Amino acid sequence: MDVAATVDQQSQQDVPFYEPVGNECELFEHAFRQHLPFLLKGPTGCGKTRFVSHMAARLGRPLYTVSCHDDLTAADLTGRYLLQGGETRWVDGPLTRAVREGGICYLDEVVEARKDVTVVLHPLTDDRRLLPLERTGELLEAPDDFMLVVSYNPGYQHILKSLKPSTRQRFVAMSFDFPPPAVERDIVAAESGLPAQQCAALINLAARLRAMKGQDLEEGVSTRLLIYCATLMVNGVSATQAAQATLVEPLSDDADVQEGLMEAIRATFGED
Ligand SMILES: Nc1ncnc2c1ncn2[C@@H]1O[C@H](COP(=O)(O)OP(=O)(O)O)[C@@H](O)[C@H]1O
Ligand SMILES: [Mg+2]
């Protein structure tokens, strides 16, 4: 199976750190209890994946994460017959395993997947909650503990790659964005170990860099990159060099755009 599916059998003790921004944890829990599928929208690196792994651990459910790509087919999710030692054997895909076990299946960047994937998702996301496996002749009924979660980034969505209304109108949906400054400061501090005061300077810088989005930049600098920057700083890289390597180079290849970003960085940290 060539699907990048990771199974995190987390115990209640090691719930991954997630700092809530609003009522997202409560809303997710309601959706889980009421057997409703959940859709997360938001820019890259803003905490969607962390949120889902946090909630799965909190709810004590196994998590099956699939990073969708343009070759991903329905069979990659449901399963297929594989030749093993001269015998053909059915092997469940991550979605089927989540349905059988009562876990959470998380389809990251779902808009990238092939169109036939939605055919599988539709009967699972209405009140039937069914997963038909044509190949094995099974019709699986999702248990109460099964939940489908999907996410995508509306920022770099093209017309060809968006969810059809008939699909998106099956989900409880929520927009994610970069956390407000004080929350993001605490997240960067907790994840990197950089003192809060230095993190605050980094968050101020991020606001200036994010303000440049649109004109020259496709996406604003992510929380993930701020954590990278803080991590380099904690380990002795100068602030300006760390910022160049994490907040400039990953965002743009354009010399003028890079220079604009560097100006904001020097204004914050000086030359070093
Ligand atoms: N609210 C949050 N609480 C804790 N960590 C967060 C939060 N938001 C972002 N992060 C940090 O940012 C990193 C990137 O977030 P991630 O969930 O991978 O982004 P996405 O899936 O939206 O691309 C995470 O690994 C985590 O360190
Ligand atoms: Mg992610």
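Criteria and cut-off values
- Residues numbered from 1 in each chain as written.
- Chains lettered and ligands numbered in written order.
- Predicted model: local features only at pLDDT ≥ 70, side-chain atom pairs only at ≥ 80, totals over all residues.
- Helix = DSSP H or I, 4+ residues; strand = E, 2+ residues; numbered from the N terminus.
- Buried ≥ 20, exposed ≤ 12 C-beta atoms within 10 Å, placed from the backbone.
- Contact = placed C-beta atoms within 7 Å.
- Domains from an automatic or database assignment.
- Near = placed C-beta within 6 Å.
- Nonpolar A, V, L, I, M, F, W, Y, C, P; charged D, E, K, R; others polar.
- Axes fitted to C-alpha atoms, helices over the stretch in contact; angles between N-to-C directions.
- Parallel < 35°, antiparallel > 145°, perpendicular 65-115°, else oblique.
- Left-handed = near helix turned anticlockwise from the far one by under 90°.
- pLDDT = per-residue confidence, 0-100.
- Expected span 1.5 Å × (residues − 1).
- Core = buried A, V, L, I, M, F, W, Y, C linked by C-beta atoms within 7 Å.

Focus: the overall build of the protein chain
Alright, step 1. Helix and strand counts for the protein chain stand at 11 helices and 10 strands.
Alright, step 2. C-alpha atoms of the protein chain, sized along the principal axes, occupy 65 × 40 × 40 Å.
Alright, step 3. Counting only residues that meet the buried cut, the protein chain has 37% of its 272 residues in that class.
Alright, step 4. For the protein chain, the share of sequence-separated contacts (at least 6 apart) that also reach a separation of at least 24 residues comes to 73%.

Comments concerning unusual backbone geometry
Alright, step 1. Positive phi is not limited to glycine here, since His35 has a value of about 60 degrees.
Alright, step 2. Even without being a glycine, Glu109 presents a positive backbone phi close to 55 degrees.
Alright, step 3. Turning to its location among the elements, Glu109 is positioned in the loop between strand S6 (104-108) and helix H5 (116-124).

Let's talk about the domain arrangement of the protein chain
Alright, step 1. Per the domain assignment, the segments of the protein chain are domain 1 (5-175) and domain 2 (181-269).
Alright, step 2. Computed from C-alpha coordinates alone, the two centres of domain 1 and domain 2 are separated by 32 Å.
Alright, step 3. Taken together, the 10 residues of domain 1 in the interface contact 11 residues of domain 2.

Some remarks on the site of ligand 1
Alright, step 1. Around ligand 1 lies a shell of 18 residues, among which Gly47, Lys48, Thr49, Arg50 and Arg224 are the nearest.
Alright, step 2. Those elements that place two or more of their residues in the shell around ligand 1 are helix H2 (48-58), helix H7 (181-192) and helix H9 (223-234).
Alright, step 3. For the shell around ligand 1, a count of residues per class yields seven nonpolar, six polar and five charged.
Alright, step 4. Residues lining the shell around ligand 1 come from more than one domain, with at least three contributed by each of domain 1 (5-175) and domain 2 (181-269).

Details of the packing of helix H8 (residues 196-211) against H9
Alright, step 1. Axis separation between H8 and H9 bottoms out at 11 Å; the angle between their running directions is 140 degrees. In terms of orientation, H8 lies oblique with respect to H9. With respect to the hand of their crossing, H8 and H9 are arranged in right-handed fashion. On H9, the residues that touch Gln198, Cys199, Leu202 and Ala206 of H8 are Leu226, Cys229, Ala230 and Met233.
Alright, step 2. Looking at side-chain class alone, the contact of H8 with H9 contains seven nonpolar, one polar and no charged residues.

Here we look at the confidence of the model for the protein chain
Alright, step 1. Residues of the protein chain with pLDDT of at least 70 account for 92%, and the chain-wide mean is 91.
Alright, step 2. Taken together, the stretch residues 8-12 has pLDDT below 50 and engages in nine contacts with residues farther than four places along the chain or on a different chain.

Thoughts on H7
Alright, step 1. If you check H7, its first and last C-alpha atoms are 16 Å apart, about what 12 residues at 1.5 Å a residue would give, namely 16 Å.
Alright, step 2. For H7, the full list of buried residues reads Glu184, Arg185, Ile187, Val188, Ala189 and Ser192.
Alright, step 3. Buried residues belonging to H7 abut H8 and H9.
Alright, step 4. Trailing H7 by a residue or two, Gly193 shows a phi angle of about 85 degrees, which is positive.

As for the packing of helix H10 (residues 239-248) against helix H11 (residues 255-269)
Alright, step 1. Where H10 meets H11, the closest approach of the two axes is 10 Å, and the angle between their N-to-C directions is 145 degrees. Pair H10 / H11 crosses with right-handed handedness. On H11, the residues touching Ala239, Thr240, Ala243, Gln244, Leu247 and Val248 of H10 are Gln258, Leu261, Met262, Ile265, Arg266 and Phe269.
Alright, step 2. When grouped by side-chain class, the residues that make up the contact of H10 with H11 number eight nonpolar, three polar and one charged.

Considering the environment of Ala56
Alright, step 1. Mapped onto the fold, Ala56 is located in helix H2.
Alright, step 2. Residues Ala56 and Pro181, 125 residues apart in the sequence, show an inter-C-alpha distance of 26 Å.

Some points on the environment of Leu247
Alright, step 1. The topology assignment puts Leu247 in helix H10.
Alright, step 2. Residues Leu247 and Ile265, 18 residues apart in the sequence, show an inter-C-alpha distance of 9.1 Å.
Alright, step 3. For Leu247, the residues in contact, after removing those within four places along its chain, are Leu209, Val221, Leu225, Cys229, Leu261 and Ile265.

Focus: the nonpolar core
Alright, step 1. One finds Ile104, Cys105, Tyr106 and Val149 to be the most contacted residues of the largest nonpolar core, which totals 40 residues.
Alright, step 2. Contributions of two or more residues to this core are made by helix H1 (24-33), strand S2 (38-41), H2, strand S3 (63-67), helix H4 (94-101), S6, H5 and strand S9 (147-152).
Alright, step 3. Contact partners of Tyr106, with chain neighbours within four places excluded, come to Val52, Leu63, Tyr64, Thr65, Val66 and Val149.

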